[in-house]
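Single-letter residue listing:
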Amino acid sequence: MLSLNSVMIGTKQPQVLAAFYEKVFGKPADMTDPENGFWGWQAGNAFMGILDHSEMGGKTKDPGRVMINFETSQVKDEFERIKSLGGAVVHEPYEMGQGWLATLADPDGNYFQLMNPME
């Protein structure tokens, strides 16, 4: 069985995304290499990184193609917190099955979701 190791987001504005995700995670990056345009955070059992990528420009063209899901038991509270940090609202919190989901976008327009822990 495969386990997710990491997710990398390529951008032409790595410092903007790094500052945004630093606020989302509530801590500085666990690994940084600004000289090579890299910032990364341990997020549960996986790692999420931001990488300066010269071929990624402007807002993402298909923001819903790949979505990162962050697990939290406080979807509504985290939604409001991240919205206040500048997360763009894509979909307000809503019930789905036995849990809650909410969708926001980062400064590049990449979608990410907040969701209750899977039981």
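Refer to the structure presented above.
Only a predicted model underlies this, so the values are computations on that prediction, with no experimental measurement involved.

Engineer: Even after reading the chapter, I still don't get the pattern of salt bridges, so can you show me in this structure?
Structural biologist: If charged atoms from side chains of opposite charge come close, those side chains can pair. Per the counting criterion, the structure on display carries four salt bridges. Two residues, Lys 27 and Asp 30, come together in a salt bridge whose shortest N-O distance is 3.0 Å. Lys 27 sits in the partly exposed class, given a relative accessible area of 30%.

Engineer: What is the right way to read the sheet that holds strand S6 (residues 88–96) from this model?
Structural biologist: Pairing between the strands of a sheet comes from backbone hydrogen bonds, and it takes one of two forms, parallel or antiparallel. If you trace the four strands from one edge of the open sheet to the other, you get S5-S8-S7-S6, paired in mixed fashion. Each edge of the sheet is formed by a strand with only one pairing partner; in this case those strands are strand S5 (68–71) and S6. Averaged over all neighbouring strand pairs, the angle between strand axes comes to 20°, with direction disregarded. Sheet topology places strand S7 (residues 99–105) next to strand S8 (residues 111–115); five bridges connect them, and they run antiparallel. When the bridges of S8 are listed, Ala 105 appears paired with Tyr 111.

Engineer: I'm lost on the nonpolar core in this one. Help?
Structural biologist: One recurring pattern in soluble globular proteins: nonpolar side chains tend to sit buried together. Grouped together as the largest cluster of nonpolar side chains are 20 residues, with contacts concentrated most on Tyr 21, Ile 50 and Phe 112. At the level of elements, helix H1 (14–25), strand S3 (38–43), strand S4 (46–52), S5, helix H2 (75–84), S7 and S8 are the ones that each hand at least two residues to this core. Non-local contacts of Phe 112, meaning those with residues more than four positions away in its chain, are made with Phe 20, Tyr 21, Ile 68, Phe 70, Ile 82, Ala 102, Thr 103, Leu 104, Ala 105 and Asp 106.

Engineer: Could you clarify how one ought to interpret H1 in this entry?
Structural biologist: Side chains that are three or four residues apart share a direction in an α-helix, a result of its 3.6 residues per turn. Helix length check: H1, at 12 residues, gives a terminal C-alpha distance of 16 Å against a target of 16 Å (1.5 Å per residue), a fit within 8%. Among the residues of H1, Pro 14, Leu 17, Ala 18, Phe 20, Tyr 21 and Val 24 are the ones counted as buried. Seen end-on, H1 carries its buried residues on one side only, within an arc spanning 165°. Downstream of H1 by a residue or two, Gly 26 has a phi angle that is positive, lying close to 70°.

Engineer: Is there a simple way to think about the pairing of S3 in this case?
Structural biologist: Regular strands have side chains that alternate between both faces of the sheet. One ladder, built from three bridges, connects strand S2 (residues 31–33) with S3; its direction is antiparallel. Across the sheet, the residue bridging to Met 31 is Gly 40, located in S3. The antiparallel pairing of S2 with S3 creates a hairpin that spans four residues between the two strands, and Gly 37 there sits at a positive phi of about 70°. Of the strand pairs in this sheet, S3 and S4 are connected by six bridges, and their pairing is antiparallel. Its bridge partner lying in S4, Trp 41 is registered against Met 48. Following S3, the chain reverses through two residues before pairing antiparallel with S4; Gly 44 in that reversal takes a positive phi of roughly 70°.

Conventions adopted
Residues numbered from 1 in each chain as written. Predicted model: local features only at pLDDT ≥ 70, side-chain atom pairs only at ≥ 80, totals over all residues. Heavy atoms only, no water. Salt bridge = Lys/Arg side-chain N within 4 Å of Asp/Glu carboxyl O. Buried < 20%, exposed > 50% of the residue type's maximum accessible area, 1.4 Å probe, protein only. Pairing = 2+ DSSP bridges. Helix = DSSP H or I, 4+ residues; strand = E, 2+ residues; numbered from the N terminus. Axes fitted to C-alpha atoms, helices over the stretch in contact; angles between N-to-C directions. Core = buried A, V, L, I, M, F, W, Y, C linked by side-chain atoms within 4.5 Å. Contact = heavy atoms within 4.5 Å. Expected span 1.5 Å × (residues − 1). Arc of directions from axis to C-beta.

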